[in-house]
Amino acid sequence: MNDPLMPSVAALAARIPDGAKLAVPADYSGVAMAATRALVARGARDLHLVCVPVSGLQADILIGAGCVSTIETAGITLGEYGTGPRFAQAVKAGSLRLLDATCPALHAGLQAAEKGIPFMVLRGILGSDILARRPDWLVIGNPFAAEPADDPIVALPAIHPDVALFHAPLADRAGNVWIGRRRELMTMAHAATLTLVTVEQVVDKDLLADDATAAGTIPALYVSGVAEAPAGAWPLNLWDRYEADGVTLAAYVQAARSDAGFADFLARWLDGRLKGGAVAQAAE
Amino acid sequence: MNDPLMPSVAALAARIPDGAKLAVPADYSGVAMAATRALVARGARDLHLVCVPVSGLQADILIGAGCVSTIETAGITLGEYGTGPRFAQAVKAGSLRLLDATCPALHAGLQAAEKGIPFMVLRGILGSDILARRPDWLVIGNPFAAEPADDPIVALPAIHPDVALFHAPLADRAGNVWIGRRRELMTMAHAATLTLVTVEQVVDKDLLADDATAAGTIPALYVSGVAEAPAGAWPLNLWDRYEADGVTLAAYVQAARSDAGFADFLARWLDGRLKGGAVAQAAE
Amino acid sequence: MSPAAYSRQELLIAAVTRLLEGCRHVAVGASSPIPGGAALLGRALSGGAMRVSVLGSTRNNFFTNGGVELFDCAAQGRVDAFFLSGGQIDGQANINLVGTGPYPRSDVRWSGSFGSAYLYFLVPRVILFREEHSRRTLVEKVDFISAPGVSALNVWRRGGPQALITNLCLFAFDKAKGCFRLESVHPGHTVEEVLDQTGFTFDRPGNVPETPPPDAAALALMRGAIRAEIAETYPRFAATAFAAGETA
Amino acid sequence: MSPAAYSRQELLIAAVTRLLEGCRHVAVGASSPIPGGAALLGRALSGGAMRVSVLGSTRNNFFTNGGVELFDCAAQGRVDAFFLSGGQIDGQANINLVGTGPYPRSDVRWSGSFGSAYLYFLVPRVILFREEHSRRTLVEKVDFISAPGVSALNVWRRGGPQALITNLCLFAFDKAKGCFRLESVHPGHTVEEVLDQTGFTFDRPGNVPETPPPDAAALALMRGAIRAEIAETYPRFAATAFAAGETA
């Protein structure tokens, strides 16, 4: 990485091309909402969203804003607020290609990409309509069974995201990114061609120099760009660093029930009128 | 785990039954040498050693002491001193069942056990005599290829160790074990039925309570027993915590060239006459 | 103790806790306060021998290998019990977390299947939990099988449905017959009400017992330590679900 | 500069460094001071654009996912060059790290195959490095194939042997023909010596050039920053391999 510190979140998001297969983490795992705003602002189109393994606000907004053509996920949930309203609306309208999955299958597909293997098998899943609706998933005989044909097992193809995008607390100036125990972010970075990260803060120390931070750090080798974005997950939480902004989330769910309400929310979010609590203030 | 703090290293080692499939890490990754001494002292027999992915001093001593009947490894090396002398002697004598492997195949076998799947595929390996000598490894057609039969790929069965044994710097009183970036130790613990760990020190704080240490910690759920063993890797190094004892290693290699020399080394090691430098002193 | 001496949630928590007896490790998914409370109560009653992972909790979640760890852990045989729910659940214990009507353009779309299609096979005791007991939720045949209740004999399957608990009753699942059996009806409800509100057929004994109420020890624990613990993840639930103070 | 103005190791390091030109990431295995030195020199010459992982080093090893990461990293296409050696290397670039004589009861048993059977397929530029150039090491046919030099056309293979460097000369490997071609002979040695000491047949041009000596810039770097860096992993090598001070 030649220039890990991009001049802006917008410049970082600009590196996600239309049509990209874009991997994003679950709402609890560090979502790059500031970069998502930049994606919507620039009018990104035709994204294939890979949720690792589910998404919520981020996917729902991207879908509502017309940025997504395909979604591969084990679920779209706004927690206690239920299914994403724009997602449900798009499903009903038939405007979204659905690749319904189950959580471990998404992890296994990314792990297969991480290992450079064409597929990984998993137990379970057989007899589910998820499998019935995924012609890209195969059922093979377990070659190690006495009678392979009599021991069917699901084979999941590797998932190779063009881009992985997430938000983390820290990066250093070399581009190493600290993700603590949110290990799926490391798998995403290993699996993706390009990994773009927003962080609360870029620090001067070398995150790899200390055994303690190194254990939870993605080496810069896998990181294509880092942008500083304080409160970059707002209105979602960043692990236990800061809480989700419940007022804004509730307002979103209420607004997103209708096209007009969503459009209004989007406009206010994009032009900065929408502001959260203390955390979001810090971002201004 | 009901009693993570075993009364002694010997009691910990006593939980490794004769005939066990025993997974051990490479010399650089935290080897439980004090526990190995206890294994030899009690006259363990018929071990199936799974090296993750190679071994050195530990395997060579266990082989020389007659504890090992099968060895599954990508290599036995004493670093600049070359192949383990007792290993080479046993190979020549035909007294050891050899399962020669390649590093990533051992990792993949353990990862398959970690994921509870019967096998994992890997590229490469085809055309190697390693594969030719491993009837337990299969070559299958990649089911995702246009013509599976025309895209052969190696399928490696899961490796399920009965016991994983290693040495780490820290554990807490709940049995959580800090392994930093030595992630293969976590895979071993996930894959094994029983995980036995010696540590430099048992600390009072909760290693999972802090995000920083949690990222490099194996949760107690996977840990069957912990024994405190200061300088427990001696005469090997423990990462960058302490250096290997080059004098003792050189003496070992010299002694182990002959049966008599090895027997003498073993006797002195077992009865405590053999002592290392400052680190080993600390262990007394 | 009078019938009003415990809340509906306390009854359910106590009933679920009984289903967890002997488990070494119980995992609880997101948005599951009653299962979470039951697991924490089971742990307290076990004297700490039972481990509990509550997803979404920091204090009661000891995983350190990312989102995949729960699934790997289950595959390793280290998770004894888990909870699933469904927008629809049918008489063969198939669950539907995807939506109603024809797929993919569901009339009502729910969040999605999450880990159900996997954990239903891997975890020995899966407890189905659905408070709403109606012909809308308990149907003859689900519109979409997120995870099947039963499998062909040659399909590798370690786990599956053990029981289904609702606001009205507790069903046990008979794996051999592939159908539910009414186990007990909660105090204040009747077998007729259950028959009337259930969209699938089920077995029942001639005499259906009443679901036992929580005993004093369980109530004391729930209203003390458990309420405090569960407040970390579900503050609103903790504030309203427990009948404060009436422990005996 | 006189022929004695650089050491044998410096010549080899410079020659290997030329093979690494344009690499973004070079990984170096254990017990490889000359390849390690070459990678570090390559990095210095690239102005830092080339990443180097030295296994066994703390400072020059940025992996954080355990022992599997090098292999996964290679499988992802993120390792451009790697070094392998062999107790025996044959004319088809098969390497033997296991032993001589019949397997499994080898007459002489070496350490084992390590990652060779994998990395030889996955890393685009694999450089074979074996200082001893003799009919004992460079054989017609290895006794055990730890990793094959060439594969059938239908075998997925991204990488393979690029070159073989010894104390006498540099061979390039012709993948299409499946054999080595003599590229250059080191100063002070002859083609006849190479022919005499090599157990396999190889192609050679009518006029075999001499391996170019290290230039002044490379020597200055080697004797300064590189020597200091390599001393972390190979202190003994660092103390003896470099012709101190004679940089021009």
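The text that follows walks through the structure, step by step, so that each part is easy to find. (Residues numbered from 1 in each chain as written. Chains lettered and ligands numbered in written order. Predicted model: local features only at pLDDT ≥ 70, side-chain atom pairs only at ≥ 80, totals over all residues. Heavy atoms only, no water.)

Details of the overall build of chain A
Counting secondary structure elements, chain A contains 11 helices and 12 strands. The C-alpha atoms of chain A give 19 Å as radius of gyration, which agrees with the globular expectation for 284 residues (19 Å, within 12%). Taken along its principal axes, the extent of the C-alpha atoms in chain A is 65 × 50 × 30 Å. Burial status across chain A gives 67% buried among its 284 residues. Sequence separation of at least 24 residues holds for 73% of the intrachain contacts in chain A that already meet a minimum separation of 6. (Helix = DSSP H or I, 4+ residues; strand = E, 2+ residues; numbered from the N terminus. Rg over C-alpha atoms; globule rule 2.2 N^0.38 Å. Buried < 20%, exposed > 50% of the residue type's maximum accessible area, 1.4 Å probe, protein only. Contact = heavy atoms within 4.5 Å.)

Notes on the interface of chain B and chain D
Think of interface size as the accessible area that goes away when the parts come together; that is how it is often given. Contacts between the two partners involve 40 residues from chain B, matched on the other side by 36 residues from chain D. Regarding the contact of chain B and chain D, the summed buried area is about 3100 Å², with carbon and sulfur atoms giving 56% of it. The salt bridge partner of Arg-109 of chain D is Asp-100 of chain B, with a shortest N-O separation of 2.8 Å. Secondary-structure elements contributing two or more residues to the side of chain B that touches chain D are α4 (85-93), β4 (97-100), α5 (103-114) and α6 (129-132) of chain B. Of the residues forming the side of chain B that touches chain D, the biggest block, 5 residues, is contributed by α4 of chain B. Tallied by class, the residues present in the side of chain B that touches chain D amount to 16 nonpolar, 11 polar and 13 charged. (Buried area = accessible area lost by both parts, 1.4 Å probe. Salt bridge = Lys/Arg side-chain N within 4 Å of Asp/Glu carboxyl O. Nonpolar A, V, L, I, M, F, W, Y, C, P; charged D, E, K, R; others polar.)

Some points on helix α10 (residues 259-270) of chain A
Working note: α-helix, 3.6 residues per turn, so residues spaced by three or four point in the same direction. Residue and element names in this part refer to chain A. End to end, α10 covers 16 Å across 12 residues, agreeing with the expected 16 Å (1.5 Å per residue, within 8%). Among all positions of α10, only Gly-261, Phe-262, Phe-265, Leu-266 and Trp-269 are buried. For α10, the buried positions fall inside an angular range of 135 degrees around the axis, keeping them on one side. Exposed positions of α10 whose direction lies more than 90 degrees from the buried face are Asp-259 and Ala-260. In this fold, the buried residues of α10 make contact with α2 (33-41), α3 (57-64), α4 (85-93) and α9 (246-255). (Expected span 1.5 Å × (residues − 1). Arc of directions from axis to C-beta.)

Re the relation of the copies chain A and chain B
Placing chain A over chain B gives an RMSD of 0.0 Å and needs a rotation angle of 180 degrees, together with 0.0 Å of translation along the axis. The symmetry that links the two subunits is that of a two-fold axis. Of the residues that chain A buries at the interface, 100% are likewise interface residues in chain B, meaning the two copies contact each other through the same surface. (Least-squares fit on C-alpha atoms with pLDDT ≥ 70 in both.)

A few points about the sheet that holds strand β5 (residues 119-122) of chain B
Residue and element names in this part refer to chain B. Spatially, 3 strands are ordered β5-β7-β6 in an open sheet, and the strand pairing comes out antiparallel. The sheet is open, and its two borders are formed by β5 and β6 (138-141), each paired with just one other strand. Going from strand to strand, the sheet's axes swing by 40 degrees on average, the running direction of each strand aside. Two strands pair when backbone bridges link them, and β5 and strand β7 (residues 152-157) are joined in this way by 4 bridges, in the antiparallel orientation. If you follow Met-120 over to β7, its bridge partner there is Leu-156. (Pairing = 2+ DSSP bridges. Axes fitted to C-alpha atoms, helices over the stretch in contact; angles between N-to-C directions.)

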